[in-house]
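These are the residues of each chain, in order.
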Amino acid sequence: MLIDIVRKYSEPVPRYTSYPTAPHFSAGVGEAAYRDWLAALTPADTLSLYLHVPYCRDLCHYCGCNTKATHAYAPVAQYVHALLAEIDAVADCLPAGARVGHVHWGGGSPNVLSAEDISTIGARLHARFAIEPAGEHAVEIDPRRLDGNQVDAFVAIGVNRVSLGVQDFDPEVQRAIGREQSFATTRSVVERFRAAGVSSINIDLVYGLPHQSRKSVTETLARVLELEPDRIAIFGYAHLPQRLKHQRLIDAAALPDIQERYAQSQRLSRLLQRAGYRAIGIDHYARETDSLAQAPLRRNFQGYTTDTATALIGLGASSIGRLPQGYVQNAVATADYERRVLSGHLATERGFRLSNDDAARAAAIETLMCEYRFSRADLTKRFGDAAAPVCDIADDLIAADADGIVERTSEGFVVTPLGRPFVRTIASCFDAYLGTKPVAHAPGI
């Protein structure tokens, strides 16, 4: 029965925005290694920048991001001072002329920043990095906390894609998650950005929240479609109150069970594809005209992307970067981050140096997450002998499949339509570190 398959493959697993995942990073990779890795980049390499703003005006109960609430601006202003120092410090380590094709501001809520500080940070980025005018420059926005001056400031520094958090429009759900946001407010923000010349709009929704039902998520999606966004992301809520104290404000008894979660996700997927959106990976949907539906797909810490940069440079507290040699993560605590960069150091706190085996497994997992396939020939061509253990795992997975979630091909396997909602669980078979540290993960759907 389908429900038995849903239960079987819905055990908590990582979201695989990286491999290995962040809980396996260590202090063995620190500032010295990061300086060396940055210096090894060449002017021919392309870069991507991620800026983290770890502040919100109010903290939503469901949030899993590294952020904190503040109604005073002084902590934000102090953070901006440190962020500018880090931008300079990292830029000083890079070769002159390296081009930046993607910029992404996340949080928290980047629009907790004043218009003046948005302009200041943007000007510093343009002064220190060769940002391509035609590249993607995206920002995440809380529609409840935005004014016209902030819109103008973001547009003036080159922002051309905006992602709006909605989650759900049902009043009962909004009260349960501590995020009350009207459709009129959301529509007003969409109209403001479009009037300012930003035509590319993303909207984020969440299923599996307290008091949600198939009926309520259907009604929310109908309102979202009125806004005609280019992309819609639909994430499954991960209830981790043992790790995130503010999630204890959510009544666990009001959460939908695993069968209802699955039904919500599948209904949303069907409705979106019926409305003309193409399914992209496990949780993104894009219009046929959007670059996400046209270009080769990649996966990084922001989710699905068309970014093919050699290196992702993380700026701000807790930010993670990826370079050819491995991963680096900045100090998570804001005070520690500020202390490091304001004393003249890079903010690197920990990281992970990739072995050949790690790189081969990472490639297999990313291809599964993006393309729903495993190719022995492709992996061997890229990684030689390091691919062999990964290919053995693929053979074992095919042999053990009694549910029809994968289908053998001449080069490996493809994930079947039945198995696609559970591709994270399939990918976890290639994770050599899973279970080696006590960490809570998101449900498999």
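Okay, so let's go over this structure.

Cut-off values and rules
- Residues numbered from 1 in each chain as written.
- Predicted model: local features only at pLDDT ≥ 70, side-chain atom pairs only at ≥ 80, totals over all residues.
- Heavy atoms only, no water.
- Helix = DSSP H or I, 4+ residues; strand = E, 2+ residues; numbered from the N terminus.
- Buried < 20%, exposed > 50% of the residue type's maximum accessible area, 1.4 Å probe, protein only.
- Contact = heavy atoms within 4.5 Å.
- Areas by Shrake-Rupley, 256 points an atom, 1.4 Å probe, with all protein chains shown as cover.
- Pairing = 2+ DSSP bridges.
- Core = buried A, V, L, I, M, F, W, Y, C linked by side-chain atoms within 4.5 Å.
- Axes fitted to C-alpha atoms, helices over the stretch in contact; angles between N-to-C directions.
- Parallel < 35°, antiparallel > 145°, perpendicular 65-115°, else oblique.

**Some points on the overall build of the protein**
Secondary structure summary: the protein contains 14 helices and 19 strands in total. C-alpha extents for the protein along the principal axes are approximately 60 × 55 × 40 Å. Burial status across the protein gives 56% buried among its 445 residues. For the protein, restricting intrachain contacts to residue pairs at least 6 apart in sequence, the fraction spanning at least 24 positions comes to 72%. Carbon and sulfur atoms make up 51% of the accessible area of the protein, which totals about 18200 Å².

**Side note on the pairing of strand 9 (residues 277-280)**
In this sheet, strand 10 (residues 284-287) lies alongside strand 9 in antiparallel orientation, the contact comprising four bridges. Each bridged residue has a counterpart across the sheet, and for Tyr277 the counterpart in strand 10 is Arg287. The antiparallel hairpin formed by strand 9 and strand 10 contains three residues in its connecting segment, where Gly281 sits at a positive phi of about 60°.

**Overview of the environment of Ala402**
Mapping Ala402 onto the fold places it in the loop between helix 13 (388-400) and strand 18 (406-408). Judged by its relative accessible area of 69%, Ala402 is exposed. Each C-alpha atom of the pair Ala402 and Arg7 lies 15 Å from the other, and the pair is 395 residues apart in sequence.

**What about the nonpolar core?**
Ranked by internal contacts, the top residues of the largest apolar core, which has 118 residues, are Leu38, Ile121, Leu125, Phe413 and Phe430. Broken down by element, the residue count for this core peaks at 11 residues, all from helix 3 (residues 74-93). Once you skip the residues sitting within four places of it in the chain, Ile121 turns out to touch Leu51, Val80, Leu83, Leu84, Ile87, Trp105 and Leu113. In this structure, Val173, Ile177, Val206 and Leu255 belong to the second largest nonpolar core, which totals nine residues.

**Overview of the sheet that holds strand 19 (residues 412-415)**
Spatial ordering of the open sheet is given by 17-19-18, a layout of three strands whose pairing is antiparallel. The sheet is open, and its two edges are formed by strand 17 (373-375) and strand 18, each paired on a single side. Neighbouring strand axes in the sheet, compared pairwise and without regard to direction, differ in orientation by 20° on average. Packing of helix 13 onto the sheet brings it into contact with strand 17, strand 18 and strand 19, and relative to strand 19 it is tilted by some 60°.

**Brief notes about the packing of helix 4 (residues 115-128) against helix 5 (residues 148-156)**
Two elements in contact, helix 4 and helix 5, have axes separated by 8 Å at closest approach and are oriented at 5°. Taken together, the axes of helix 4 and helix 5 lie roughly parallel to each other. In this structure, helix 4 contributes Ala115, Ile118 and Ser119 to the contact, and helix 5 contributes Asn149, Gln150, Ala153 and Phe154.

**Section: unusual backbone geometry**
At the junction of Tyr19 and Pro20, the peptide bond is cis and its omega measures out at -10° in the coordinates. Examined against the element boundaries, Pro20 turns out to sit in the loop between helix 1 (2-8) and helix 2 (31-39). Here the bond from Gly107 into Gly108 is cis, since omega is 15°, no more than 30 degrees from zero. In this fold, Gly108 is placed in the loop between strand 4 (99-107) and helix 4. Even without a glycine there, the phi angle at Tyr16 is positive, about 55°. Looking at where Tyr16 falls in the secondary structure, it is placed in the loop between helix 1 and helix 2. For Ser318, which is not a glycine, the phi torsion comes out positive at approximately 75°. By the secondary structure assignment, Ser318 is in the loop between strand 13 (311-315) and strand 14 (320-323). A relative accessible area of 13% means that Ser318 is categorised as buried.

So far we have only geometry, and geometry alone does not tell us how the molecule works.
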